[in-house]
Structures are given as structure tokens and as C-alpha cells.
Amino acid sequence: HMSINARSSYPKTKKLRYKEKNGDVLLFLTVFNGIEFIDWFLDYYRRLGVDHFFIVDNGSDDETFDRLMKEKDVSVFQNLGSFSQSACGVFWTNHLMRQFGVGHWCFHVDMDEAFVFPDMESGRTLHDLLDYMDGHGYQSIPSVMVDIYPETLRKNKDEDPFENSMYIDSDYFFMRNELPPYNFIQGGIRARLSGRSLLMTKAPLIKMAPDVAYIANNHQHSHLPISDISSVLLHYKFIGDFIGRIDEAIERKEHFMGARFYKGIRSEIVDSEKSDTLLSECSVAYSGPNQLIELGLMTKSPQWMQKS
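Residues numbered from 1 in each chain as written. Predicted model: local features only at pLDDT ≥ 70, side-chain atom pairs only at ≥ 80, totals over all residues. Heavy atoms only, no water.

Draft legend 1. Looking closely at the packing of aromatic side chains. Under the counting rule described, the total for this entry stands at 21 aromatic pairs. An angle of 75° between the planes, with centres 6.0 Å apart, marks the rings of Phe 37 and Phe 162 as edge-to-face. With a gap of 125 residues between them, Phe 37 in the loop between β2 (25-31) and α2 (38-48) and Phe 162 in helix α6 (residues 161-164) connect regions that are remote in the sequence. Both residues of the pair, Phe 37 and Phe 162, belong to the buried class. Considering the side-chain rings of Tyr 132 and Tyr 138, the 6.3 Å spacing of their centres and the 40° angle between planes classify their relative orientation as tilted. Of the two residues, Tyr 132 and Tyr 138, both sit in the buried class. Taken together, the ring pairs in this structure connect Phe 37, Trp 40, Phe 41, Tyr 44, Tyr 45, Phe 53, Phe 107, Phe 115, Phe 117, Phe 162 and Tyr 236 into an aromatic cluster. (Phe/Tyr/Trp six-rings, centres within 6.5 Å; stacked < 30°, edge-to-face > 60°. Helix = DSSP H or I, 4+ residues; strand = E, 2+ residues; numbered from the N terminus. Buried < 20%, exposed > 50% of the residue type's maximum accessible area, 1.4 Å probe, protein only.)

See below:
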């Protein structure tokens, strides 16, 4: 797997701020030009309960790198090499997780993803979730990436783009898979727009060990005991300068299959003469974690419910 044997160098340390403490919850990611997301992302995960961030900058040419260097709970690394040849950054993340994450619960997410789990709206915290996982011997919580989007890409400068993203698709396809987290999930708006089936399976939160590695982005990893409850990553792809980011991805050709999926989406929502609405008969207004359970996109077990 390229994620383990990539033709890439390891990321260089630019600012290491981490002083390890038992019980720290850590987060790892790779970013390129993420300035639109930084404030939202760091605030969300800080409030969730993350203690420290390890972020690899892949040569951003906006303000991303400078902003990250100013954050006191962020250790910053850099690799200016090919994102594609690093297995979309997973080679870099695996290296940093082995170096700093062993023995800790670790997130591996993208900067446009928000982690949601059962009963968080009822006051149960991330540490409640991790205590439950540790108490039952689980070391990974499976997830599905659910795109959350606005009604239209027309922007209003007075609107919060994250709050304006309020719709999700309800049609996802699930089947068993041989690799953890043992589900193969497809569907959602990007499959609808691109005409191609994307892998929406995710494994964003694991208990890191020396022999553990992510295999395909944060979609799959080596074998770990999988939790009896699942989570969702709300994927805020359609905010801000969405078309600009698509054009950037197409030009860089660093994403999966040379950004073929991005080309399909651009053709559908920009180059076609169809209505500019993103809504379809599959769209529903997002109302919270309970709805995700009702739609079958997130699950909880009797054991978890007994602790509610």
C-alpha cells in the first residue's frame, strides 16, 4: 500500500509544541489552502475535546501556513512534495501518528469534516464516548461521510456558510467489506452530481498502536476491534469558494484518478444549463444526530443506551 510504502519523504517539523500527557486526545491531518476552514475547524474540535493538533501543510499558497504557526495547540509540519504520491497525505499522517499518537485516541480527519456521534446533543461528551470504547475493548469507531450542503451555491456575504449548509442526502448504499471498518458505503450528493460512486466509508477515530496504519485515506485501516456504535463525518465541501477549490484540484491533478470526480461535478453544476439548486428528491434538511440514526446513517447499541 502506498500509504505505508509511498514514494515520498517524511514531513519536516516546522513548529513542535506538543508536550505529551496521559489521556490526551490528538488530531492529525494534511491541508492545502485551508484558510476558509481553519477558524471553524479548530473551534469545533477544541470544543469537542481535542487536546492537540498535528497538521501537515502541503505547500499552501494562501495564509494557511502562517495562521497555523500562530496556534498554540497546533504542531506544524510541512511537505512540499506530491500529495498524490504520499497516498493523499496518509503516508505523512501514518508517520506522525506512529511518532506521537501511540497509546492515544487519535482523530484522522480532513479540515472540512465535523465528527458527530450518538447522543452528543443530549450532553454525552467525547470523553464519555472514549471511556465507553476503552471499557469495552474497542479501538476504532466506524463512520460514514455525509455531505452537508446549501440549497444553492449562490453566496450571500452576510450568511455563515457553515450554518447555511443544512441539507443532506438520505440515499446511501451499505455492504460488507473485508477491511476495517468492514463496511463499504456509497451514495450522496457528490455521487449524484459526478455520476460516479465515491467511497464514503470512514474510520476517523482510533486508539493508536505501534503496528496500526491507515491504508486508504481515513477510509480504512489495519485490523482493530470495531465499536458497536458508529459515527458520522459531516462533510462541508460546498461552502465558500467551492468552484475555485474544484478548479484548483483539477489543475493540481493531485487527487484520486487525477481529480476525475471533480471534473464530473464541475461539469454538472457549472458547465451545464440545469437549475443551480443542489436539492433533489433525496435531500432532507439536517436536524441533528438523532435524525442520522433515524435515517440509518449512524447506529448505537443497547450497551451505549444503558449509559445514557
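Draft legend 2. View of unusual backbone geometry. Geometrically, the link from Pro 180 to Pro 181 is a cis peptide bond, its omega value of 10° lying close to zero. The residue Pro 181 is located in the loop between β9 (172-176) and β10 (183-187) in this model. A positive phi angle is found at Tyr 182, which is not glycine, with a value near 70°.

Draft legend 3. Main features of the pattern of salt bridges. Evaluated as defined, the whole model comprises 13 salt bridges. Among the ionic pairs, Arg 46 bridges to Asp 73, the shortest N-O distance being 2.7 Å. Taken together, the residues span a long stretch of sequence, with Arg 46 in helix α2 and Asp 73 in the loop between α3 (64-69) and β4 (74-78) at a distance of 27 residues. Relative accessible area serves as the criterion here: at 34%, Arg 46 is assigned to the partly exposed category. The partner of Lys 207 in a salt bridge is Asp 134, and the shortest N-O contact between them spans 3.2 Å. Of the two residues, Lys 207 sits in strand β11 (residues 201-207) while Asp 134 sits in helix α5 (residues 126-135), which places them 73 residues apart along the sequence. Its relative accessible area of 40% is what places Asp 134 among the partly exposed residues. One salt-bridge network, in which partners are shared between bridges, spans Asp 39, Arg 46, Arg 67, Glu 71 and Asp 73. (Salt bridge = Lys/Arg side-chain N within 4 Å of Asp/Glu carboxyl O.)

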